[in-house]
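One-letter residues, chain by chain:
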Amino acid sequence: MHKSAISPLPVFFDRYINLVDEMDLLDALQKYSPENLFVKTYQLIRLGEKTYAPDKWTVKDILQHCIDTERIMTYRALRFARNDATTLPGFEEDLFASHAKANRRSVPDLLEEWGQLRAATLSMFKNFDEEMLMRKGTAFKGDISVLALGFVIVGHPVHHCNIIQERYLPLLG
């Protein structure tokens, strides 16, 4: 299903969905894969543990955050696709980041894990039919459909890729 089938756009998460082109979800999951978004791995490696301001995440923290967020969003999508009406809580991203210890990992290792996760995410969404994709549940700030969660999974890393390009890459000089 296409992004245009999301109605209404969920509050808060619309900022991520709007970063994705109008296209089919399965195509978007492939087009905006980690390996396509972060093709200049050497730049991420060179950034190391640099941050553009005090108390900001490193690039490794950002990659781990994207992995964690994709896992949480796929879990929500699975629950809602299976017609589970349980309200799901949000998660504290700074708490997750502070306990993930991403800076002990390498950029290639993080990207490899994320690539494997994306393959599993794509496999799961391939098996959702239109009825499942249109099901909604309540998570974080309101109702959201399985389809919208799929586009959040796609758009959230685009947001962070933009931040890396705008705020981190200039640190390389």
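The notes below deal with the structure included here. (Residues numbered from 1 in each chain as written. Predicted model: local features only at pLDDT ≥ 70, side-chain atom pairs only at ≥ 80, totals over all residues. Heavy atoms only, no water.)

Quick look at helix H5 (residues 59–81)
Moving on, step 1. Between its terminal C-alpha atoms H5 stretches 32 Å, which fits the 33 Å expected from 23 residues at 1.5 Å a residue.
Moving on, step 2. With 19 of 23 residues buried, H5 is to be regarded as a mostly interior element.
Moving on, step 3. Looking at the residues trailing H5, positive phi occurs at asparagine 83, about 70°. (Helix = DSSP H or I, 4+ residues; strand = E, 2+ residues; numbered from the N terminus. Expected span 1.5 Å × (residues − 1). Buried < 20%, exposed > 50% of the residue type's maximum accessible area, 1.4 Å probe, protein only.)

Looking at helix H9 (residues 146–168)
Moving on, step 1. For H9, which comprises 23 residues, the first-to-last C-alpha distance of 32 Å matches the rise-based estimate of 33 Å (1.5 Å per residue) to within 8%.
Moving on, step 2. Of all the bends in H9, the greatest, near 25°, is centred on isoleucine 153, and the proline proline 157 appears no more than four residues after it.
Moving on, step 3. Burial within H9 is extensive, with 18 of its 23 residues counted as buried. (Bend = angle between axes of the 7 residues up to and from the residue.)

Quick look at the pattern of salt bridges
Moving on, step 1. Taken as a whole and assessed by the stated rule, the structure comprises seven salt bridges.
Moving on, step 2. The shortest N-O distance in the salt bridge between aspartate 109 and arginine 105 comes to 2.8 Å.
Moving on, step 3. When the shortest N-O distance is used, the salt bridge between glutamate 131 and arginine 135 registers 3.0 Å.
Moving on, step 4. Through salt bridges with shared partners, a single network forms among Arg71, Arg105, Asp109 and Glu113. (Salt bridge = Lys/Arg side-chain N within 4 Å of Asp/Glu carboxyl O.)

Some details on the pairing of strand E1 (residues 136–139)
Moving on, step 1. Residues Gly137 and Ala139 line the buried face of E1, whereas the alternating positions Lys136 and Thr138 sit on a face that is not buried.
Moving on, step 2. In this structure, the hairpin formed by E1 and strand E2 (residues 142–145) is closed by a connection of two residues, where phenylalanine 140 is found at a positive phi of approximately 60°. (Pairing = 2+ DSSP bridges.)

Here we look at the packing of H5 against helix H7 (residues 107–126)
Moving on, step 1. Remark: H5 packs on H7, axes separated minimally by 10 Å, with the N-to-C direction vectors making an angle of 15°. By the angle between their directions, the pair H5 and H7 is classed as roughly parallel. Note that H5 runs across H7; the crossing there is left-handed. Residue-level contacts link Lys60, Leu63, Gln64, Cys66, Ile67, Glu70, Arg71, Thr74, Ala77 and Leu78 of H5 to Val107, Leu110, Leu111, Glu113, Trp114, Leu117, Arg118, Thr121, Met124 and Phe125 of H7. (Axes fitted to C-alpha atoms, helices over the stretch in contact; angles between N-to-C directions. Parallel < 35°, antiparallel > 145°, perpendicular 65-115°, else oblique. Left-handed = near helix turned anticlockwise from the far one by under 90°. Contact = heavy atoms within 4.5 Å.)

As for the packing of H5 against H9
Moving on, step 1. One way to put it is that H5 packs onto H9 with a least axis distance of 8 Å and a crossing angle of 170°. On the basis of the axis angle, H5 is roughly antiparallel to H9. Counting all contacts with H5, which are made through Val59, Ile62, His65, Cys66, Thr69, Glu70, Met73, Thr74, Arg76, Ala77, Phe80 and Ala81, the residues of H9 involved are Val146, Leu149, Val152, Ile153, His156, Pro157, His160, Ile164 and Tyr168.
Moving on, step 2. In terms of residue class, the contact of H5 with H9 is made up of 14 nonpolar, five polar and two charged. (Nonpolar A, V, L, I, M, F, W, Y, C, P; charged D, E, K, R; others polar.)

Looking at the side chain of threonine 58
Moving on, step 1. Here threonine 58 shows up in the loop between helix H4 (41–47) and H5.
Moving on, step 2. Among all residues touching threonine 58, those that are not within four sequence positions of it are Gly48, Glu49, Lys50, Thr51, Asn103 and Tyr168.

Looking at unusual backbone geometry
Moving on, step 1. Geometrically, the link from serine 7 to proline 8 is a cis peptide bond, its omega value of -10° lying close to zero.
Moving on, step 2. For proline 8, the position within the fold is in the segment before helix H1 (14–17).
Moving on, step 3. The phi dihedral of lysine 101 is positive, around 55°, even though this residue is not glycine.
Moving on, step 4. Here lysine 101 lies in the loop between helix H6 (93–100) and H7.
Moving on, step 5. On the basis of relative accessible area, lysine 101 is assigned to the partly exposed category, the value being 48%.

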